[in-house]
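Chain residues, written in single-letter form:
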Amino acid sequence: MQLLKFGNIYYFFYLMIAVVLTLLFLAFLKHKTQKFRYWFLFGLIMLNFLIHIFKIFIWPYTTLDYVLTKITFENICAVSAITFPFLYFTKNKTLKDYMVMAGIASGIIALLIPVDAMSEYFNGEIIGFRPWYNLEIIRFYITHYLIFLVPFLMMHYHFHEFSIKRAWRMPLMLFGVLIIIFINEVLVTLFGWVPQADFFDPSKRNPSFIFGVRGDLTGVGVALGLFVPTFLRINPFYSGVGYFPVLWLLIPALVYGGLISLLFMLIYDREETLIYLKLKVRIPVIDNAEQVRD
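Parameters at a glance
- Residues numbered from 1 in each chain as written.
- Predicted model: local features only at pLDDT ≥ 70, side-chain atom pairs only at ≥ 80, totals over all residues.
- Heavy atoms only, no water.
- Phe/Tyr/Trp six-rings, centres within 6.5 Å; stacked < 30°, edge-to-face > 60°.
- Buried < 20%, exposed > 50% of the residue type's maximum accessible area, 1.4 Å probe, protein only.
- Helix = DSSP H or I, 4+ residues; strand = E, 2+ residues; numbered from the N terminus.
- Expected span 1.5 Å × (residues − 1).
- Polar contact = N/O pair within 3.5 Å; in protein donor to acceptor, adjacent residues only side chain to side chain.
- Axes fitted to C-alpha atoms, helices over the stretch in contact; angles between N-to-C directions.
- Parallel < 35°, antiparallel > 145°, perpendicular 65-115°, else oblique.
- Left-handed = near helix turned anticlockwise from the far one by under 90°.
- Contact = heavy atoms within 4.5 Å.
- Nonpolar A, V, L, I, M, F, W, Y, C, P; charged D, E, K, R; others polar.
- Salt bridge = Lys/Arg side-chain N within 4 Å of Asp/Glu carboxyl O.
- Core = buried A, V, L, I, M, F, W, Y, C linked by side-chain atoms within 4.5 Å.

Trainee: How should the packing of aromatic side chains be read in this particular structure?
Mentor: One pair of aromatic rings is described through two measures. These are the centre distance and the angle between the planes. Under the counting rule described, the total for this entry stands at 39 aromatic pairs. Aromatic pair Phe13 and Tyr14: ring centres 5.7 Å apart, planes at 65°, arrangement edge-to-face. Accessibility expressed as a relative area gives 40% for Phe13, which makes it partly exposed. Considering the side-chain rings of Tyr61 and Phe122, the 5.1 Å spacing of their centres and the 85° angle between planes classify their relative orientation as edge-to-face. Residue Tyr61 is found in the loop between helix 2 (34–54) and helix 3 (76–87), and its partner Phe122 is found in strand 1 (residues 121–122); the two are separated by 61 residues along the sequence. The exposure class assigned to Phe122 is buried, which follows from its relative accessible area of 9%. Taken together, the ring pairs in this structure connect Tyr10, Phe13, Tyr14, Trp132, Tyr133, Phe140 and Tyr141 into an aromatic cluster.

Trainee: Help me understand helix 4 (residues 93–112), please; the structure alone is not making it clear to me.
Mentor: The periodicity of an α-helix, 3.6 residues per turn, causes residues three or four positions apart to be oriented the same way. The end-to-end C-alpha distance of helix 4 is 28 Å, a good match for the 28 Å that 20 residues give at a rise of 1.5 Å each. Where helix 4 begins, the side chain of Asn92 points an oxygen toward the backbone nitrogen of Thr94, at a separation of 2.9 Å.

Trainee: Whenever I open this one, the environment of Leu187 confuses me. Can you help?
Mentor: Mapped onto the elements of the fold, Leu187 is located in helix 7 (residues 169–190). For Leu187, a relative accessible area of 39% gives the class partly exposed. Between the C-alpha atom of Leu187 and that of Thr69, which follows or precedes it by 118 residues, the distance is 9.9 Å.

Trainee: Help me out: how do you make sense of the packing of helix 2 against helix 6 (residues 135–156) in this one?
Mentor: The description of two packed helices rests on the angle between their axes and on the distance between the axes. It is the contact of helix 2 with helix 6, at a shortest axis distance of 10 Å, that shows an interaxial angle of 155°. Our classification of the angle between helix 2 and helix 6 gives roughly antiparallel. As helix 2 runs across helix 6, the sense of the crossing is left-handed. Residue-level contacts link Leu41, Leu44, Ile45, Leu47, Asn48 and Ile51 of helix 2 to Arg139, Ile142, Thr143, Leu146, Ile147, Leu149, Val150, Leu153 and Met154 of helix 6. Broken down by class, the residue content of the contact of helix 2 with helix 6 amounts to 12 nonpolar, two polar and one charged.

Trainee: Can you walk me through helix 2 in this structure?
Mentor: The terminal C-alpha atoms of helix 2 lie 30 Å apart, and with 21 residues this matches the ideal 30 Å at 1.5 Å per residue to within 8%. Residues of helix 2 that are buried: Arg37, Leu41, Phe42, Leu44, Ile45, Asn48, Ile51 and His52. Buried positions along helix 2 lie against helix 1 (9–29), helix 3, helix 4 and helix 6.

Trainee: Before we go on, may I ask you to explain the pattern of salt bridges in this structure?
Mentor: Any two side chains of opposite charge can pair, on the condition that their charged atoms come close. Scanning the model with the defined rule gives six salt bridges in all. Lys204 serves as the salt-bridge partner of Glu125, at 3.8 Å between the closest nitrogen and oxygen. Taken as a pair, Glu125 in strand 2 (residues 125–126) and Lys204 in the loop between helix 7 and helix 8 (218–225) lie far apart in primary sequence, 79 residues in all. Taking the relative accessible area as the measure of exposure, Glu125 reaches 38% and is therefore partly exposed. The class of Lys204 is partly exposed, set by a relative accessible area of 24%. Arg205 serves as the salt-bridge partner of Glu185, at 2.7 Å between the closest nitrogen and oxygen. With Glu185 in helix 7 and Arg205 in the loop between helix 7 and helix 8, this pair connects stretches of sequence that are 20 residues apart. Salt bridges sharing common partners tie together Lys70, Glu74, Glu185 and Arg205.

Trainee: How do you make sense of the nonpolar core when you look at a structure like this?
Mentor: A general tendency of soluble globular proteins is for nonpolar side chains to be buried together. Formed by 46 residues in total, the largest nonpolar core has its most connected members in Leu4, Tyr141, Tyr145 and Leu149. Those elements giving two or more residues to this core turn out to be helix 1, helix 2, helix 3, helix 4, helix 5 (115–118), helix 6 and helix 9 (250–268). Considering each element in turn, this core owes the most residues, 12 residues, to helix 6. Here Tyr141 is in contact with Leu4, Tyr14, Leu111, Pro114 and Ala117, once residues within four sequence places are set aside.

In structure tokens, the structure reads:
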């Protein structure tokens, strides 16, 4: 079977397609009006929303008894696919910051580390590895590519602007989304759409790692675990191996979310960000000098 594996020819094939498509979109929109670009991007958002909804009609979603769980807020990218049609029109700059940063970052991460496309897991169960041309793998790449593409084009054509003064809010927004995902998991479990026995089990349904790190994601576990204190490495509600639900991701969300936010500021708001950082570094030095003179 021709499997998609990290670093193999099929892995780079999908990445190359993403790069070429991005260049084609930029060429297509280069001489269009801002109004055309604005509504064209909204069309891409709605296309991705429909892909998210209608994926339930393809395998392996068709094997699920309660397939509607797959179109709920079950992970970060699902939240993006569902909320982007609304966030696109919001006047709230913090929400728009999150849309752009989470969209670009999560889209790129999903394309570079396509965990779900390479995994033998589906909905917490082992279904076996799928060939690189499997329809669900193609859908995975299309939806995550669009999650990246729209915010990227929004910034490229100046439909949104960042400010370093709002940068601290993005990591908090990220953790807020993780809380929404946990609440969603609680609800679908209470409705009986997923087995109650799977709740809290990181090796089963574990959207966005809210219950810990799955067994086939040890590399991710190391990266996240660096910032998890010992007392959060135990789930008091679960007898098996697992971390404290959602709360274990607080510090990783703040650290990695903060770094991602800072990176975006350096790219898209470089001048203001450098001035802000220089002031923050310089102030303590001035204070110490004044204390010495006193």
